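Remarks on the overall topology
Given next are the chains, with one letter for each unit.
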Amino acid sequence: MASAGGAGADHSPTPRSLVFAFYLTGHGFGHATRAIEVVRHLIAAGHEVHVATAVPEFVFTAEVRSPRLRIRRAILDCGAVQADALTVDPLATLEKYREVAVVPRESILRAEAEWLSSIKADLVVSDVVPIVCRVASDLGVCSVCIGNFSWDFIYAEYIMEAGYHHRSIVWQIAEDYSYCDILLRLPGYSPMPAFRNVNDVPLVVRGFRKSRSEVRKELGIEENAKVLVFNFGGQPAGWKLKQEWLPDGWICLVCGASDSQDVPPNFIKLAKDAYTPDVMAASDCMLGKIGYGTASEVLACKLPLVFVRRDYFNEEPFLRNLLEYYQNSIEIIRSDFLAGHWKPYLLRALTLQPCYNGPINGGEVVAQILQDTAVGKKCISDKSSGARRLQDAMVSGYVLQRAPGRDAGIPDWYSLSETETGAGPTSKNVATKESAASSRCIEDFEILHGDLQGLTDTIDFLKHLSELSGNDLMSPKKQHLERTAASVLFDWETEIYVARAPGRLDVMGGIADYSGSLVLQMPLREACHVAVQRNHPSKQKLWEHTKARQLENAGLVPVVQIVSFGSDLSNRAPTFNMDLSDFMDGGKPISYEKARELFCQDPSQKWAAYVAGTILVLMTELGAQFTDSISILVSSAVPEGKGVSSSASVEVATMSAIAAAYGLNIIPRDLALLCQKVENHVVGAPCGVMDQMASACGEANKLLAMVCQPAEVKELVSIPTHIRFWGLDSGIRHSVGGGDYGSVRVGTYMGRKMIKCAASDLVSESLTSGPPVQSDCYKENGMCVLKSEAALEYLCNLPPHRYEAVYAKDIPEVISGEAFSEKYGDHNDTVTVIDPKRSYSVKAPTRHPIYENFRVECHNSYSACGLGSDGTDRLVNLVREMQHRKTSEGGSPSLFGAKITGGGSGGTVCVIGKNCARSSEEIAEIQRRYKAETGYLPILFDGSSPGAGKFGYLKIRRCCP
């Protein structure tokens, strides 16, 4: 890579005044602050700069006052649409980008070309607006991008969350970036494979205007006072701040406070135009979020940062890596941030020793490169960037593939620059790590109870536990936060209980489970492992912030501490902790509704409801008492959002391990029903019971046949040796808590209520006037049938011919929630709520379970309900093409059929076929063709393993050395 100034750059004075067109992305003040530094140097060199931006004009004119600076309002992208200062709305972002940049694309191309021609631009600078690179190329003008990330990488994560129907946005953005001549890459960068030529530049940091003493004097703060600056990137600090949140004697300076916001006496509202770098230099610590502006400025002034993790900010892991490498930051768990448990984090931050001594003159360096590029001087690296681009592309693909159990933010094999401008030392190759790990053996643990059953994933899990027990926290090698937290989670001299629960492949039944259908489920090879340990509160190992909170609350109380491996795969915090007393209210367990509100306070920790929620359900339903502290480690290989019951496997494995640790004897069926309560009532996802039943009661290479009324296991059907099932993931994220699944369930229960009411009306009419002589329904079935239908509990018990003959004609296609409630009252579903302002499809969701239980027609029927997707349809069609091709060639098909599974709306397709080499080849061909058509290589689920009941549990203890 080139040096800071660019390879071969000649810094002699430029011969003439140049015109720069500087485009600024519509997201965040960090882009604006670094642009100002670059603009300042360009103006000082005598050049003219036209800034096209959506940022208010005063942000620039307050910093740079010159007639050579022109500000033009332009919105050519949208950045990220945020629900609040910590949360992005992925779908809203993609839809906004489509509205702003995709729909009007042709008019943007014309308008910007005309504007650039009118100002006679010598160079186009973009931070990091995609489309202007294409405009510049069309005009024959050189373009340079500046940034630590590009929007194709950021939006790739949003597409994984919001659906692949928006993937063309990422492809278009990457294509636009490919027209850029040079990328000036800032420290803390994320993968940017679209750019051909890359120059690494130093941090672009705003300079300081006043000394620490001057700022404190102006604010009336004593020199020896401890000062915290509270800054969330220019967004109003809408949280209600409280005096007791700060350590005694501390003062907090609040940036971005609204005029109406009241603050306690130990908080000071800063003026809206306060110069943040000076405020930071006068402070001892900062509390905020990680963005480029914040990261660069805390590094420059060696200010410890206590940060709150944000949702769907893909650049954050890379900037966090940069800050942690220079010992400049610690994370505050969002629930502690919102609850005001700041003190332990602030005091811990004061012990940090920030050590960044790299250059901070990026504004000057970038300005010089821009000048040199504008006059045609060579400013790119002499080294080939092909290897770097391939590496970046691999990381981008790695994120999109969502490989289970691995860090999607910064994989170990993603090497970063070892220079001052990079994010730290080069990591070792994964293969090296794995081979080193393989030298550790499971004999490090004595198995006191249970059997490994030859399961290689369980053996691997024990090896990982063994690695944690020997983890050297003082090692200079950087540890992932989750591994560091896990290494101090357990007392290695005390017994640990390990449970295992697999995901499941829905072979038959799907969404008909909550309507009482017969279902067939196969437990997958992929599973979740959970390790649990109980300790007396006086002996429990506590994380520093947990310990500080206990001291604050004057006494030792039982706590639950949870670590979840693979947290970066879903933008969630890796740890969670709470006092078990938070689950109690007046000597009784809190309501499920209060628990749901508790876990919803922090989106990044909502995942903990699946784990800690099992404790509350055991307390509520079984009267279990937990007087000891509980440590829980969750490690799941069941990928999330694929429709293979990752949540059920977590719930079942967790409850199994806790039950083992506390001597609770719960049969698998009852355990599944309890876990369903976790998901329905604590998490708030309206799932049926088949997922938990398959995970708890299934057996390897057998189909669990069950009637969901509510959970009656009929038999375990051995899969014939000549038959095989596969799962193919569409790449479209499925969520049982999503609106589509929930609205279809509401529509189904509405239909059931309509049928029951219609049957009741017919019974009433019969009692008052007698049945009509010519009525076929009375001739065939009589009064007893009508009465049973008036009391119908499960739609699947209604035969199709009765539905068609008596009720189908009166079931509406669609009805509004308000209209239904006015006519029928409640729909009598305990886990969904009718929105009066929403319209619900009723006929298709009502018909689906009735026919599903009679004969399988689920794939097309899912689409009729609104739960289909382009991806799953495409996979099913590819299987059909394979069948037709084989038939046309005169042979018999190797693949018999395919269907959507689980909750639909994406997720996984189940394929059934012959257990032979030919069918495996055809499955591989389908994967390749799907990738060629969509850009996504489907994850293949192939194989089976025992459910949690069959596995039992392991009781292990660390062997004495």
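This structure is a prediction, so every number in the text was calculated from the model and none was measured.

Observations regarding the overall build of the protein chain
Tallying secondary structure elements over the protein chain gives 34 helices and 32 strands in all. Counting every position in the protein chain, which comprises 961 residues, the buried fraction comes to 58%. The contacts of the protein chain with a sequence gap of at least 6 include a subset with a gap of at least 24, amounting to 71%. Accessible surface for the protein chain amounts to roughly 37400 Å². Of this, 51% is attributable to carbon and sulfur atoms.

Some points on the sheet that holds strand E11 (residues 250-254)
The sheet built from six strands is open, its strands ordered E12-E11-E10-E13-E14-E15 with parallel pairing. Of all strands in the sheet, those with a lone pairing partner are strand E12 (267-269) and strand E15 (329-331), marking the two edges. Ignoring strand direction, the axes of neighbouring strands in this sheet form an average angle of 25°. As paired elements, strand E13 (residues 285-288) and strand E14 (residues 305-307) share three bridges and run parallel to each other. Note on E14: the bridge partner recorded for glycine 288 is phenylalanine 307.

A short note on the confidence of the model for the protein chain
One rule of thumb: low pLDDT means the predicted coordinates there are not for detailed reading. Taken residue by residue, the protein chain gives an average pLDDT of 83. The fraction at 70 or more is 85%. Considering only residues more than four positions removed or in separate chains, one finds that residues 401-409, a stretch of pLDDT under 50, has 29 contacts. In this model, residues 411-441 is a region of pLDDT below 50 whose contacts with residues beyond four sequence positions or in other chains number 61 contacts.

With respect to helix H4 (residues 105-119)
Three- or four-residue spacings in an α-helix give side chains the same orientation, since the helix completes a turn every 3.6 residues. The terminal C-alpha atoms of H4 lie 21 Å apart, and with 15 residues this matches the ideal 21 Å at 1.5 Å per residue to within 8%. Immediately downstream of H4, the backbone of lysine 120 shows phi near 55°, a positive value.

What to know about the pattern of salt bridges
Applying the stated criterion across every chain, the model contains 40 salt bridges. Ionic pairing is found between lysine 594 and aspartate 585, a salt bridge with its closest N-O pair at 3.2 Å. For lysine 594, a relative accessible area of 44% gives the class partly exposed. Judged by its relative accessible area of 44%, aspartate 585 falls in the partly exposed class. A network of salt bridges, in which partner residues are shared, links Glu37, Arg40, Glu63 and Arg209.

Observations concerning the sheet that holds strand E6 (residues 123-127)
A sheet is described by the order of its strands in space; here seven strands give the open sequence E3-E2-E1-E6-E7-E8-E9, paired in parallel fashion. The sheet is open, and its two borders are formed by strand E3 (69-73) and strand E9 (198-200), each paired with just one other strand. Pairwise comparison of adjacent strand axes, ignoring direction, gives a mean angle of 20° for this sheet. As paired elements, strand E1 (residues 19-24) and E6 share five bridges and run parallel to each other. Residue pairing for E6: phenylalanine 22 is matched across the bridge by valine 125.

Some thoughts on the nonpolar core
One finds Ile562, Phe583, Ile615, Phe626, Ile630 and Ile632 to be the most contacted residues of the largest nonpolar core, which totals 63 residues. Beyond its immediate chain neighbours, meaning those up to four positions away, isoleucine 632 contacts Leu489, Val530, Ala531, Val532, Val560, Gln561, Ile562, Val563, Val611 and Ile658. Counting 60 residues, the second largest nonpolar core, distinct from the first, contains Phe22, Met280, Tyr292 and Leu305.

Brief notes about the packing of aromatic side chains
The full count for this structure, using the stated rule, is 24 aromatic pairs. Pairing tyrosine 23 with tryptophan 115 gives two aromatic rings, centres 5.7 Å apart and planes at 80°, and the pair type is edge-to-face. Of this pair, tyrosine 23 sits in strand E1 while tryptophan 115 sits in helix H4, placing them 92 residues apart in sequence. Accessibility expressed as a relative area gives 14% for tryptophan 115, which makes it buried. Look at phenylalanine 230 and phenylalanine 337: their rings are 6.2 Å apart centre to centre, the planes differ by 15°, and that puts the pair in the stacked class. In this pair, phenylalanine 230 sits in strand E10 (residues 226-231) while phenylalanine 337 sits in helix H12 (residues 334-339), placing the two residues 107 residues apart along the sequence. The class for phenylalanine 230 is buried, based on a relative accessible area of 0%.

With respect to the pairing of strand E32 (residues 954-958)
As defined by bridge partners, strand E16 (residues 445-449) adjoins E32 across four bridges and the pair is classed as antiparallel. The residue of E32 that forms the bridge with phenylalanine 445 is arginine 958. Bridging between strand E17 (residues 496-508) and E32 involves three bridges; their strand directions are antiparallel. For isoleucine 496, the partnering residue across the bridge sits in E32 and is isoleucine 956.

Details of unusual backbone geometry
Going from aspartate 127 to valine 128, the amide bond is cis rather than trans, its omega being -25°. Inspection of the secondary structure assignment puts valine 128 in the loop between E6 and helix H5 (131-139). Phi at glutamine 453 takes a positive value of approximately 55°, unusual for a residue other than glycine. You can see glutamine 453 is positioned in the loop between E16 and helix H17 (456-469). In this model, asparagine 828 sits at a positive phi of 65°, which is unusual for a non-glycine residue. Along the polypeptide, asparagine 828 turns up in the loop between helix H29 (817-824) and strand E28 (839-841).

So, the packing of helix H32 (residues 870-888) against helix H33 (residues 917-934)
The geometry of H32 relative to H33 is characterised by a closest axis approach of 10 Å and an angle of 135° between their N-to-C directions. Viewed along their axes, H32 and H33 adopt a mutual orientation that is oblique. The element H32 and its partner H33 pack so that their crossing is right-handed. Here H32 contributes Gly871, Arg874, Leu875, Leu878, Val879, Glu881, Met882, Arg885 and Lys886 to the contact with H33, which in turn contributes Arg918, Glu922, Glu925, Ile926, Arg929, Tyr930, Glu933 and Thr934. When grouped by side-chain class, the residues that make up the contact of H32 with H33 number six nonpolar, two polar and nine charged.

Quick notes on the side chain of serine 649
If you trace the backbone, serine 649 turns up in helix H22 (residues 646-661). Only 2.7 Å separates the side chain of serine 649 from the backbone oxygen of serine 646, close enough to count as a polar contact. Ignoring sequence-local partners within four residues, the contact set of serine 649 consists of Ala501, Pro502, Gly503, Cys528, Ser636, Val638 and Ser695.

Some words on the environment of glycine 866
Note that glycine 866 resides in the loop between helix H31 (858-865) and H32. With 126 residues separating them along the chain, glycine 866 and aspartate 740 place their C-alpha atoms 7.1 Å apart.

Here's the deal with the packing of helix H10 (residues 292-300) against helix H11 (residues 316-325)
In the contact formed by H10 and H11, the axes pass within 10 Å of each other and the chain directions differ by 10°. Put simply, H10 runs roughly parallel to H11. In contact with Tyr292, Ala295, Val298 and Leu299 of H10, H11 contributes Leu319, Leu322 and Leu323. Within the contact of H10 with H11, the residues separate by chemical class into seven nonpolar, no polar and no charged.

Digging into the environment of isoleucine 332
Note on placement: isoleucine 332 falls in the loop between E15 and H12. Exposure remark for isoleucine 332: the relative accessible area of 1% places this residue in the buried category. Through-space distance from the C-alpha of isoleucine 332 to that of arginine 309 is 7.8 Å; in sequence the pair is 23 residues apart. Discounting chain neighbours no more than four positions away, the residues touching isoleucine 332 are Leu287, Val306, Phe307, Val308, Phe337, His341, Trp342 and Tyr345.

Here's the deal with the side chain of asparagine 535
Relative to the assigned elements, asparagine 535 resides in strand E18 (residues 518-535). Residue class for asparagine 535 comes out buried when judged on its relative accessible area of 7%. When neighbours within four sequence positions are excluded, asparagine 535 is seen to be in contact with Asp491, Thr494, Gln540, Asp628 and Ser629.

Each value, and the rule that gives it
- Residues numbered from 1 in each chain as written.
- Predicted model: local features only at pLDDT ≥ 70, side-chain atom pairs only at ≥ 80, totals over all residues.
- Heavy atoms only, no water.
- Helix = DSSP H or I, 4+ residues; strand = E, 2+ residues; numbered from the N terminus.
- Buried < 20%, exposed > 50% of the residue type's maximum accessible area, 1.4 Å probe, protein only.
- Contact = heavy atoms within 4.5 Å.
- Areas by Shrake-Rupley, 256 points an atom, 1.4 Å probe, with all protein chains shown as cover.
- Pairing = 2+ DSSP bridges.
- Axes fitted to C-alpha atoms, helices over the stretch in contact; angles between N-to-C directions.
- pLDDT = per-residue confidence, 0-100.
- Expected span 1.5 Å × (residues − 1).
- Salt bridge = Lys/Arg side-chain N within 4 Å of Asp/Glu carboxyl O.
- Core = buried A, V, L, I, M, F, W, Y, C linked by side-chain atoms within 4.5 Å.
- Phe/Tyr/Trp six-rings, centres within 6.5 Å; stacked < 30°, edge-to-face > 60°.
- Parallel < 35°, antiparallel > 145°, perpendicular 65-115°, else oblique.
- Left-handed = near helix turned anticlockwise from the far one by under 90°.
- Nonpolar A, V, L, I, M, F, W, Y, C, P; charged D, E, K, R; others polar.
- Polar contact = N/O pair within 3.5 Å; in protein donor to acceptor, adjacent residues only side chain to side chain.

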